[in-house]
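Chain by chain, the residues run as shown.
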Amino acid sequence: MDNYKIILASNSPRRKELLAGLDIDFQTRIIEGIDESYPHDLPTLKIAEFISKKKADAYIQTMSDDELVITADTVVILGDEVMGKPHDEADAKRMLGELSGQTHQVATGVTLSTRQRQVSFSVVTNVTFKELSSDEIDYYVHTYKPMDKAGAYGIQEWIGYIGVTALEGSYFNVMGLPVQRIYEALKTFCKTPNK
């Protein structure tokens, strides 16, 4: 991976912490105001990857030839509903009420980009919550303020400790970055000559 300067295009403390866990040197770079809309007929499991590509496209013009940018987007999916970040506390409580007692999917789309190449993929994890009481939901939303989290929760916080009864797939993906898959993708990407 010494061929490239790795750039994480995220301000998320969780994503920074997770990528740092791979023991690779990286910097962060943020472009504000990127359009994160998507076609409404797009399959729900493709939305995060679509948005990660849109984010990547915003960085291409600012990159130098020796840089590799990692963009990511995470969505929570319950049935046909895609849950992004809550608008306010009431919306956060609504989301958690809907997730209560259900199994949902967390999809993270990742795009690795250089000026010459781009590779995208998605990782999906199934998460099951117990029946959450209204007091538990109120306590979590009031105490942890999960307004910056898709689906209004962070699995690494109190709600994950007391609420998650089953998980199938990558735990770190639910936190916002599927680092094992990113590690493998970076190894392959850096070994493959530019086309």
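Shown above is the structure to which this text applies.
As the structure is a prediction and not an experimental result, all values here were calculated from the model.

## Things to note about the overall build of the protein
When its secondary structure is counted, the protein shows seven helices and seven strands. Written out in order from the N terminus, the α and β elements of the protein read β-α-β-α-β-β-α-β-β-α-α-β-α-α. The C-alpha extent of the protein, read off along each of the three principal axes, is 55 × 35 × 25 Å. Burial statistics for the protein: of 195 residues in total, 46% are counted as buried. Summarising the internal contacts of the protein: among those between residues at least 6 apart in sequence, 68% fall at separations of at least 24. For the protein, the computed accessible surface area is about 9,700 Å², with 48% contributed by carbon and sulfur atoms. Side chains of the protein give 21 positive and 28 negative charges; the mean places of these two sets differ by 6 Å.

## Description of helix H1 (residues 13–20)
Within the sequence span of H1, burial applies to Arg 14, Arg 15, Leu 18 and Leu 19. Within H1, the buried residues cover an arc of 125° as seen down the axis, which keeps them to one side. Opposite the packed face of H1, turned more than 90 degrees from it, sit the exposed residues Pro 13 and Glu 17. Buried residues belonging to H1 abut strand S1 (5–8), strand S2 (26–28), strand S3 (67–78), helix H6 (171–175) and helix H7 (179–191). If you check the start of H1, you find a side-chain oxygen 3.2 Å away from the backbone N of Arg 14, and it comes from Ser 12.

## Overview of the nonpolar core
Nonpolar side chains in soluble globular proteins tend to end up buried together. Counting 42 residues, the largest nonpolar core has Leu 68, Ile 70, Tyr 153 and Ile 182 as the members making the most contacts within it. The greatest single-element share of this core, amounting to six residues, is contributed by H7. Beyond its immediate chain neighbours, meaning those up to four positions away, Ile 182 contacts Leu 19, Leu 22, Ile 70, Val 110, Phe 121 and Leu 177.

## Thoughts on the environment of Lys 149
Structurally, the position occupied by Lys 149 is in the loop between helix H4 (134–144) and helix H5 (158–163). On the basis of relative accessible area, Lys 149 is assigned to the buried category, the value being 7%. When the C-alpha positions of Lys 149 and Ala 92 are compared, they lie 9.4 Å apart, and in sequence the two are 57 residues distant. Excluding anything up to four places from it in sequence, Lys 149 contacts Arg 14, Gly 84, Lys 85, Pro 86, Tyr 140, Gly 154, Gln 156 and Glu 157.

## Considering the packing of helix H3 (residues 89–99) against H4
Two numbers describe how H3 lies on H4: the axes approach to 10 Å, and their chain directions differ by 140°. By the criterion of interaxial angle, the relationship of H3 to H4 is oblique. The handedness of the crossing between H3 and H4 is right-handed. Residues Glu 89, Ala 92, Lys 93, Leu 96 and Gly 97 of H3 pack against Ile 137, Asp 138, Tyr 140, Val 141 and His 142 of H4. Across the contact of H3 with H4, the residue classes tally to five nonpolar, two polar and three charged.

## Observations regarding unusual backbone geometry
One non-glycine residue, Asp 23, lies in the positive phi region at around 60°. Among the secondary structure elements, Asp 23 is positioned in the loop between H1 and S2. Phi at Ala 152 takes a positive value of approximately 65°, unusual for a residue other than glycine.

About the cut-offs
- Residues numbered from 1 in each chain as written.
- Predicted model: local features only at pLDDT ≥ 70, side-chain atom pairs only at ≥ 80, totals over all residues.
- Heavy atoms only, no water.
- Helix = DSSP H or I, 4+ residues; strand = E, 2+ residues; numbered from the N terminus.
- Buried < 20%, exposed > 50% of the residue type's maximum accessible area, 1.4 Å probe, protein only.
- Contact = heavy atoms within 4.5 Å.
- Areas by Shrake-Rupley, 256 points an atom, 1.4 Å probe, with all protein chains shown as cover.
- Lys, Arg positive; Asp, Glu negative; His and termini not counted.
- Charge placed at Lys NZ, Arg CZ, Asp CG, Glu CD.
- Arc of directions from axis to C-beta.
- Polar contact = N/O pair within 3.5 Å; in protein donor to acceptor, adjacent residues only side chain to side chain.
- Core = buried A, V, L, I, M, F, W, Y, C linked by side-chain atoms within 4.5 Å.
- Axes fitted to C-alpha atoms, helices over the stretch in contact; angles between N-to-C directions.
- Parallel < 35°, antiparallel > 145°, perpendicular 65-115°, else oblique.
- Left-handed = near helix turned anticlockwise from the far one by under 90°.
- Nonpolar A, V, L, I, M, F, W, Y, C, P; charged D, E, K, R; others polar.

In short, geometric facts, not functional conclusions.
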